[in-house]
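Observations on chain architecture
Spelled out from the first residue to the last, the chains are:
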Amino acid sequence: EEEKKFVLAIEQIDLVRRDEKKTEDRWGELSQRIAGLYLIDGQEPLAMKEYENMLAKLPVRDLWRTTAAVRLGELYEKAERWKDAVKIYDALTREAAKPETAQAARSRIEYVQANHPEAFQASSKGSGAKETVQKESSAQQPKEQLKKER
């Protein structure tokens, strides 16, 4: 019964979101709500897809895009998708509107590098993540710092 409520809520928000004329400036917010409902309902893969969609559609430095990137990085870490998490955090170091968010993203990269060095092998050489970590080595900050930008 409760699962039906989540499905109905997601469907209703998506209907509103599709009416671009009325919701152009609220698309990010509505997408964030949909992703949040997926998370509450335990559907992390669908939440990840929603966040990925937001990154593809929203402009750089948009608050909703930044929030989606932070949450997607956290979900990638939870799913042990270290290379994907590093890519997200690396982009945040360049695109975050707030310096604290960029610094927190650097700290997450450092954490992954220290604990999951495989994320920096071969395919992530061109990402710049490793170079970012080497250039800006700082004390590790907790994930909570990333959450402050939300």
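In this text, all values refer to a predicted model and were calculated from it rather than measured experimentally.

Another aspect to go through is the overall build of the chain. In terms of helices and strands, the chain carries nine helices and zero strands. In the chain, the order of α-helices and β-strands from amino to carboxyl end is α-α-α-α-α-α-α-α-α. Excluding contacts between residues fewer than 6 apart, the proportion of contacts in the chain whose partners are at least 24 apart in sequence is 57%. Carbon and sulfur atoms make up 50% of the accessible area of the chain, which totals about 8700 Å².

On inspection of all chains with the given rule, the structure shows one cavity of 30 Å³ or more. Its boundaries defined by the atoms lining it, the largest cavity holds a volume of some 40 Å³. Considering the residues around the largest cavity, the lining is formed by V60, R61, R65, T66, A69, L92 and E95. Here the lining of the largest cavity gets three residues from one element, more than from any other, and that element is helix α5 (residues 63-78). Across the lining of the largest cavity, the residue classes break down as three nonpolar, one polar and three charged.

The rules we used
- Every residue gets a number counted from 1 within its own chain, in the order that chain's sequence is written.
- Per-residue local features of the predicted model are confined to residues with pLDDT of at least 70, and side-chain atom pairs are confined, for both listing and counting, to 80 or more; whole-chain, interface and lining totals are unaffected and use all residues.
- Excluded from the side-chain calculations are hydrogens and water; all other atoms, namely the structure's heavy atoms, are used.
- Labels follow the DSSP assignment, with helices taken as runs of H or I lasting at least four residues and strands as runs of E lasting at least two, numbered in each case from the N terminus.
- Contacts are residue-level and defined by heavy atoms, with any inter-residue pair within 4.5 Å sufficient.
- Residue burial considers only the protein chains on display, and all accessible areas are found by Shrake-Rupley using a 1.4 Å probe.
- Think of a 1 Å grid over the protein atoms and nothing else: a 1.4 Å probe that fits but is trapped marks a cavity, an open set flanked by protein within 12 Å on at least five of seven lines marks a pocket, and residues with an atom within 4 Å of a point count as lining.
- Grid points are joined across faces, edges and corners, and a volume is the space filled by probe spheres set on the points.
- Gly falls in the polar group here, along with every residue not listed as nonpolar (Ala, Val, Leu, Ile, Met, Phe, Trp, Tyr, Cys, Pro) or charged (Asp, Glu, Lys, Arg).

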